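The residues making up each chain are set out below.
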Amino acid sequence: HCPGSNTTSLQVIGVDSAGAQQSAVVNVPISSPVTNAGNITACGISAVQYISYTLNGTSYYVSGIDSIGGTTQQQMGSTIYNTSLQAANTSNYVYINFSHSNQTAGTYPVNGYIGLYYPSGGASAQGNTNVNVTITNFPQTLGQFYEGTFSGTFVQGTTTYTVTNGSFRLRRLN
């Protein structure tokens, strides 16, 4: 850790990408100059992550273990949270951001940003959209998974985009 930091431990998740399994979160005490987390068994929890959706009749699927996940952060001095869900690979990128007042399963309007980019183009909208995210599992800690669906419409310029069959399973990264 950095000099002057009062951090005394870190959280580690072991991932077996070939077997699509992960460990539970392991707390590891920090020791200078090198911290060794030891052997971490990565099994028992599915590590599968993805975002899939249909945009104006064309289906897309983004999966993997890198450049994929979600975060929820409380706005400073506020009771409002911001959640971001994202996935990227060499040809697709999905980013959904919304604000909300609690960290529970439920339906939330996409009131921040939605961006859906694919090999032949992309579409995005900022601010209030007519897209809703329904979270069926809202993770409370690092390593757990956001699970749910999304659908609706949004406008970019003069074009209306319709999102259907949106679903996701993304590891919480913070």
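Anything mentioned here points back to the structure above.
Residues numbered from 1 in each chain as written. Predicted model: local features only at pLDDT ≥ 70, side-chain atom pairs only at ≥ 80, totals over all residues. Heavy atoms only, no water.

**Comments concerning the packing of aromatic side chains**
For the record, the criterion: Side-chain rings of Phe, Tyr and Trp, where Trp is taken by its six-membered ring, are said to pair if the distance between their centres is within 6.5 Å; with planes under 30 degrees apart they count as stacked, over 60 as edge-to-face, and otherwise as tilted. Each helix corresponds to a stretch of at least 4 residues labelled H or I by DSSP, and each strand to a stretch of at least 2 residues labelled E; elements are numbered beginning at the N terminus. When a residue's accessible area, from a 1.4 Å probe over protein chains only, is under 20% of the maximum for its type it is buried; when over 50% it is exposed; and in between it is partly exposed. Only Lys NZ and Arg CZ are tested; either one counts as a charge over a ring when it is within 6 Å of the ring centre and within 35 degrees of the ring normal.
Under the counting rule described, the total for this entry stands at 10 aromatic pairs. Between Y50 and Y61, the ring centres sit 5.8 Å apart and the planes meet at 15 degrees, which makes this aromatic pair stacked. You can see Y50 sitting in strand 6 (residues 50-55) and its partner Y61 sitting in strand 7 (residues 58-63), a full 11 residues away along the chain. Residues F98 and Y108 carry aromatic rings whose centres are separated by 5.6 Å and whose planes lie at 20 degrees to one another, so their mutual orientation is stacked. Note that F98 is positioned in strand 10 (residues 93-100) and Y108 in strand 11 (residues 106-109), a separation of 10 residues in sequence. Accessibility assignment for this pair places F98 and Y108 in one class, buried. Members of the aromatic cluster, each reached through a chain of ring pairs, are Y53, Y60, Y118, F150 and F168. The ring of F145 has R169 sitting right over it, with the charged end atom 3.7 Å from the ring centre.

**Topic: the nonpolar core**
To keep things clear, this is the line we draw: For our purposes a nonpolar core is just a set of buried Ala, Val, Leu, Ile, Met, Phe, Trp, Tyr and Cys residues, chained together by side-chain atoms within 4.5 Å.
Within the largest apolar cluster, 29 residues are counted, with the highest numbers of intra-cluster contacts made by Y53, L55, V133, F154 and F168. Looking at this core, the element that brings in the most residues is strand 16 (residues 159-171), giving four residues.

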